[in-house]
Every structure is written in C-alpha cells, then in structure tokens.
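# A look at the structure
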Amino acid sequence: MEISLNGSVILLGLQFIAIYPFSICSQMKNTKGLYPLSYLVVIFALLEFDFKFSGREYLISCTNDIKIVLMRMISEKEATYGNSSANKRLLVSLMEPTIEYIMKCIFKDEHQRQVGNILVKLGLGRNESELFGKFSFVSIILHHLLKELPNEVVSSNATEILHLIESCSDYSFDQCLNYRLLGFRLGEMGSQMNINAIIDKVIQVVAHFNSLDEYLKVVDAYVDIVLQNQMNFYFQRNMDQLLTLDSYLDAILEGVSNRACNNKEIDESELGSLQSIFSKLLAHFNNLEDIFALNRFFEILDVMYGSSRNIINMCILNIATRNGHIHDPATIQLLLEISQSLHDGIDLFNMKDNDIQQPGRLISRFVQMVDYGIEMEHHLSFLVECRAAFGRIEELKETLVHSCNCLAIKAMKEANKHMNFVKSCIAFSEVTIPSIPAWHKQLNLYLETAEVALVCDLVSHSDGLIDSAVRCLQTLDMMDGFQMLIDVEAVFSLIRKLCSLLVMVPGDPERGATFIPKSLLSVVSSQSWITPKVRTRILCAIISLSATLSQNKLPYHPNNIEILGNDLLFFGDSSYLQDLVSLSESVLKELCDVIQQEPSQAARGSMALEACNCIASSFKVNPEILCICSSLIETAQVSLSSNDSICSQPWNF
C-alpha cells in the first residue's frame, strides 16, 4: 500500500484521540489511504461490545500501515527528525499502547486454525503452512504480537520465531527483550519440542552480546527451559540429553562469568537478573554438592552485593541446613564464608527486627548443624571463629554455648584423655555467656554449663558458674512493667532449676554447705521487683531444697562416682545439719512475713495454702511446725470463701 504519511501524523492522531471525545473523532476523514485513527476508536468499541462487524480486518490493515510508517521512520536519516534519534524513540513509545491494544483485539477469542490466516495477512507467511519465514518486520509490533499468540503456535514455530527475532534489530524495541519474551512463553508451556535447536540458537545469539544486562535478560528466560527439561530427561534416564543440557548450563554460566567478572560494578537491573537466575538454580538442585559443582558458581556469586546477595546467601544456607549434619570440612568452610558475607551485609540500623532475625537464625542453624566427628579440636576452633565473625547476632552466641557444651559431653564420653579439651570447652562457654545481653538467657546458660562441668568432674568450674548465675540474679534491673511480669516468672523457673541442680553439687566446706542457698535467699529479700506471690514460691523451693539436702541419702547424684554428694561428703557432720536448720528457720520467718504483705486477699489465701503444703511435706511434725501451719490455714480461711474446697482440705489435715 502506497502512503506518504510519517510518524508525525500518527503522533498527532494519537494526541487528538486522547484529547477530544469520540463524537468529534468519528467525523475525521480518511487521509491518503491510511485508515484514520478515529476509525480505530470505532473498531475498538465494536470489538469490545462484540458486535458482528469486520473490525479485525480493519485492525490488520491498520497494523500493516503502522508497520510501513515505522519502517520508513527507522530507515530515514537523522536530519529528518532534527538530528535526534531520541525523537524517534519518543514517537515509538507514544504509539506502543495503541499497537499493544490492536494486537489484543486482533487475537481476542481466535482459534488456532484462524491464527495462521491472520499471520499471513500481517505479512508473516506466504501461506498458513509457511509462517515466520525471513520477512521484514518491526521489533515493537513483533513483541506485542508474540505476547498474544496462542501457546501451540509459539511452541510449533519456536525456531522460526527465533530467526524472525534475529532479523528484527531496529531501535523500536530492544531485541533482547523479544528473545526474553519467547523464552518465557516457551517456559510456561514446558515444551520439549526441538529444545536442543532452540537453546543452541539462543546461546549462539547471546554469545555476541557484550552487554551484561542484555545477556542476563535473555538467559534468565531460558534457564527455566534447561532446568525443566533436565528434570524430565533425568526421570526418562536419557543420559545423552542430560549431558547436552548440562553443557548448555555450563555455557550460560560461563558467559555470565566472563561478562560479570570483567565488568565494572554491576547495576541494580543486572543484580535482579542474577538473583533470578541463581534462585532458579538453587530451587532446582536438592543438595549442596550439585550447587557448588556448577561452573563458575562462586565467581559469579562474589560479584553480587546488597539485598540480592543476601537473598541468595540465605537460600544456600537454607538448603545446607535442611538435610542433616554437615561433615565435609571444605563445605563447612564455604558455608562459613557465605555466612560471613550474609552477616556483613546486614544493616542493623535500617533493617527491621524480623529482617535481622531470619539471617541470624539461618547462620545459627548452620553452626548448629556442623559436625567434625572425631576432629573435636577442629570443631572447637570453628566455634571460636564463629564467635569472632558473628558478634552482632545474639541468637548465635546462645547456639555457640549449646554447641560447645554438647562438644564437651561428647569428648567426655570418648575417654578421660580429653579432660584438657573439656576444660577448654567450659572456658569457651564461660567467656561467651557474659556477652549475651538477655539476662534470662545468661542465667539459663550458666546453669546448663554448670551441669556440664559437674558431669565432666569439674566441680570447681561448676561452683564458679553457679556463683556467676547468682551474681546475674543480683544485678537484674527490671524497668518495663509489662516485661517484668514475664521475666519474674522466668526468674522463678530458673531459680527452681538452680535448686534442683544444687542437690547434686557438693557443698564447699570453706564457705559452708549452705552458702549458695543463703545467697539465693539474699537475692529474694533484696530485689524489689519480685512480687510477693513469686517470692513465696521461691522461698518454698528453698525450703524443699533444704529438706532434700537433710536426707541421709539424696534422691539423685551426678552420673560420676568420683563426685561425692553432700550425703556422703558431710556424713555424720552435725554442723552441716545445723546449717540446714538455720537456713530453714530464716526462710520460714521470711515466708510468713511475705504472705502477709500480699495486698490481694484471694492471692494471700492461695499463697498461705501453698506455703502450708510445702512446710507440711518438708518438715517433721512438731509443735512449732503445727503452729506455723495453723496460722497459715487461718490466714487462708479469712482470705478465701468458706465454701472453697481447697481451704477445707488442709484444715482437716
């Protein structure tokens, strides 16, 4: 069709349609054979409302006219447009929404058998059996046409479409985006038709791309196809095809590495494409060995930075920690470097708590899953290195202490020759615990490490750790009222755990067998943040401890015959029993006073009954004990309802 209009007419028409109402546009006259843009408005409306009208034929003719206009615009010299290709690009960008909408209308509700006829009319085939040959076409029209083509047409003509894209290299649309779009369309269908020919051709094409951004945009789309077919051929046991697909993946990663590693710092767009490619690779492979064996994997990973690098690092750690313990030293070292990169990439000042917690948990999980087997010295060195490398992760410090304590128990089970190593483990925990800011975690870890030291026959270390636990209690400072309620309950739980541990710990003859219980009593008396209710429960726990220690045979001992319990260590020592009696008297006096300080009448009654039950089960009945119990029951009767069944039972007793 002979026309003499250029892109300016199209641009003016588009602007006119955007400004003036439909009624005015419909009065425009045809101009030199080109369907006026006002007609397009009518055709769009008729198609939208599904009228029986041959609007599609008009749209196809309009598309061919637009193609001629664009081809002339592309071929004309710069002088025609004021020596600026930017003007041409602006005109194309303004025409793009119209082209996109025309393509949607042309292929709306079309059956596959009718698509061939449309493509022939658009100049993309001599007949319906010979489509997508070497025809002249415009990139931007091809892009939006490719978006709308049915899946079957794209799949059956993929190779021919590749050749067509290759021939459309004009500036109206980035050629790499057409290659990319075809890759995504093929990936959506999971097609295996002539897959080798398609990937071969794509790799040949992108090999000539110097731009990293263009290269990544294209291969990102085709990595999906390679991985999908790799899985299919694996299940089919088609080893020849598997080797071919592996070579494709190697070639793609080789190309990425050559462009990324020899380039200046990659930009955000390139980072996004790299993140997409690596995410697909990590989602495809099930184990670290396959991932780390990928061609140039670490070289490419090293050029990434920022949030994209952090996301990939977290994906790697997630894979590493979901399949059991990690034993290989080389793998451990690689994961340690990945963890360090992730740790260094955390912005503590600008990230939310939840954003910080996820990397911290993954790194902690990695440390927890490491197992050097019999090479326990290497394991301890690894923990020391982690403590130095990940000092900002609070959760990790707790994991380090747990891991080191487990390592000490493991060494103790091996043989006594590891005693020096066990001492090193205990020393590691002693040094690490004070750096943990959460006091309740400190207290719990002190008690855990004290148990480990006691089991490993390190009584002096155990005593020192228990002293640290008591000092931790003495330095508590609760400021937040809401937090105080939660932490006070944690205090009671940990103190009760300490009392249970003290049953096994040999008393210190120099300081006295009741030195630690007396220190606990001092803490309970001096800390104002402990509520009367919790103070009552702690005092009852100390009474139970004192009663247990006074038995001729303790109910349990350390699993080490070389450690003597207090029942043997102070056997026949009257001063030991006298110390326990003195402690009990002090606790009983304070217990009665604390109950009377409770302002709530109902709570005071319940506390009196709880104390009465503890005293009755811990002491032999004598007039003094009966008097105390009677007083507590009277308090309960006054404070609680007379119909309360829990009040009548102790009174009957």
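Quick notes on the rules
Residues numbered from 1 in each chain as written. Predicted model: local features only at pLDDT ≥ 70, side-chain atom pairs only at ≥ 80, totals over all residues. Heavy atoms only, no water. Helix = DSSP H or I, 4+ residues; strand = E, 2+ residues; numbered from the N terminus. Buried < 20%, exposed > 50% of the residue type's maximum accessible area, 1.4 Å probe, protein only. Contact = heavy atoms within 4.5 Å. Axes fitted to C-alpha atoms, helices over the stretch in contact; angles between N-to-C directions. Parallel < 35°, antiparallel > 145°, perpendicular 65-115°, else oblique. Left-handed = near helix turned anticlockwise from the far one by under 90°. Nonpolar A, V, L, I, M, F, W, Y, C, P; charged D, E, K, R; others polar. Expected span 1.5 Å × (residues − 1). Arc of directions from axis to C-beta. Salt bridge = Lys/Arg side-chain N within 4 Å of Asp/Glu carboxyl O. Polar contact = N/O pair within 3.5 Å; in protein donor to acceptor, adjacent residues only side chain to side chain. pLDDT = per-residue confidence, 0-100.

### Let's talk about the overall build of the chain
Of the regular secondary structure elements, the chain holds 32 helices and two strands. For the chain, the proportion of its 653 residues judged to be buried stands at 49%. At a minimum sequence separation of 6, the contacts of the chain that also span at least 24 residues come to 71%.

### Examining the packing of helix α20 (residues 376-389) against helix α22 (residues 419-432)
Where α20 contacts α22, the axes come no closer than 11 Å and their chain directions differ by 15°. If you check the angle between α20 and α22, you find them roughly parallel. Like other packed secondary-structure pairs, α20 and α22 cross with a definite hand, here left-handed. On α22, the residues touching M376, E377, L380, L383, V384 and R387 of α20 are F421, S424, C425, F428, V431 and T432.

### Points about the environment of N286
Within the fold, N286 resides in the loop between α14 (268-284) and α15 (288-292). When its relative accessible area of 54% is taken as the criterion, N286 is described as exposed. When residues no more than four places from it in sequence are discounted, the contact partners of N286 are I319, R322 and N323.

### Remarks on the packing of helix α21 (residues 394-414) against helix α23 (residues 439-455)
The contact between α21 and α23 brings their axes to 10 Å, and the two run at 10°. With respect to α23, the element α21 is oriented roughly parallel. Where α21 approaches α23, its residues E398, V401, H402, N405, A408 and I409 are matched on the opposing element by K441, L445, E448, T449, V452 and V455. In terms of residue class, the contact of α21 with α23 is made up of six nonpolar, three polar and three charged.

### Things to note about helix α11 (residues 195-206)
Given a rise of 1.5 Å per residue, 12 residues ought to cover 16 Å, and the 17 Å separating the end C-alpha atoms of α11 matches this to within 8%. If you check which residues of α11 are buried, you get I195, I198, I199, K201, V202, V205 and V206. Projected down its long axis, α11 shows its buried positions confined to an angular sector of 160°, all on one face.

### Let's talk about the pattern of salt bridges
A complete count under the given rule lists 16 salt bridges for this structure. K201 serves as the salt-bridge partner of E166, at 2.9 Å between the closest nitrogen and oxygen. Of the two residues, E166 is situated in helix α9 (residues 158-167) and K201 in helix α11; the sequence distance between them amounts to 35 residues. Judged by its relative accessible area of 36%, E166 is partly exposed. Overall, the relative accessible area of 17% leaves K201 in the buried class. Put simply, D220 and R180 hold a salt bridge, and the shortest N to O gap is 3.6 Å. Taken together, the residues span a long stretch of sequence, with D220 in helix α12 (residues 212-235) and R180 in helix α10 (residues 175-189) at a distance of 40 residues. The network of salt bridges with common partners includes R180, D220, D224 and K280.

### Regarding α14
Between its first and last C-alpha, α14 extends 24 Å over 17 residues, near the 24 Å set by a 1.5 Å rise per residue. Listed in full, the buried residues belonging to α14 are E270, L271, S273, L274, I277, F278, K280, L281, L282 and H284. The distance from a side-chain oxygen at the start of α14 to the backbone nitrogen of S269 is 3.2 Å, and the residue carrying that oxygen is D267.

### Considerations on the side chain of D220
A relative accessible area of 3% places D220 in the buried class. A polar contact is formed between the side chain of D220 and the side chain of S276, at a distance of 2.9 Å. Not counting residues up to four positions away in its chain, the partners in contact with D220 are R180, F184, S273, S276, I277 and K280.

### Re the environment of C612
With respect to the element layout, C612 can be found in helix α30 (residues 601-618). Judged by its relative accessible area of 4%, C612 is buried. Spatially, the C-alpha atoms of C612 and C592 are 10.0 Å apart, while their sequence positions differ by 20 residues. In this view, C612 contacts C629, L632 and I633; residues no more than four positions away in its chain are not counted.

### As for the confidence of the model for the chain
Per-residue pLDDT for the chain has a mean of 81; in total, 79% of the residues score no lower than 70. Taken as a whole, residues 49-53 scores under 50 in pLDDT and shows four contacts with residues more than four places along the chain or in a different chain. A low-confidence stretch, residues 478-485 stays under pLDDT 50, and its non-local contacts, those more than four residues away or across chains, total five contacts.

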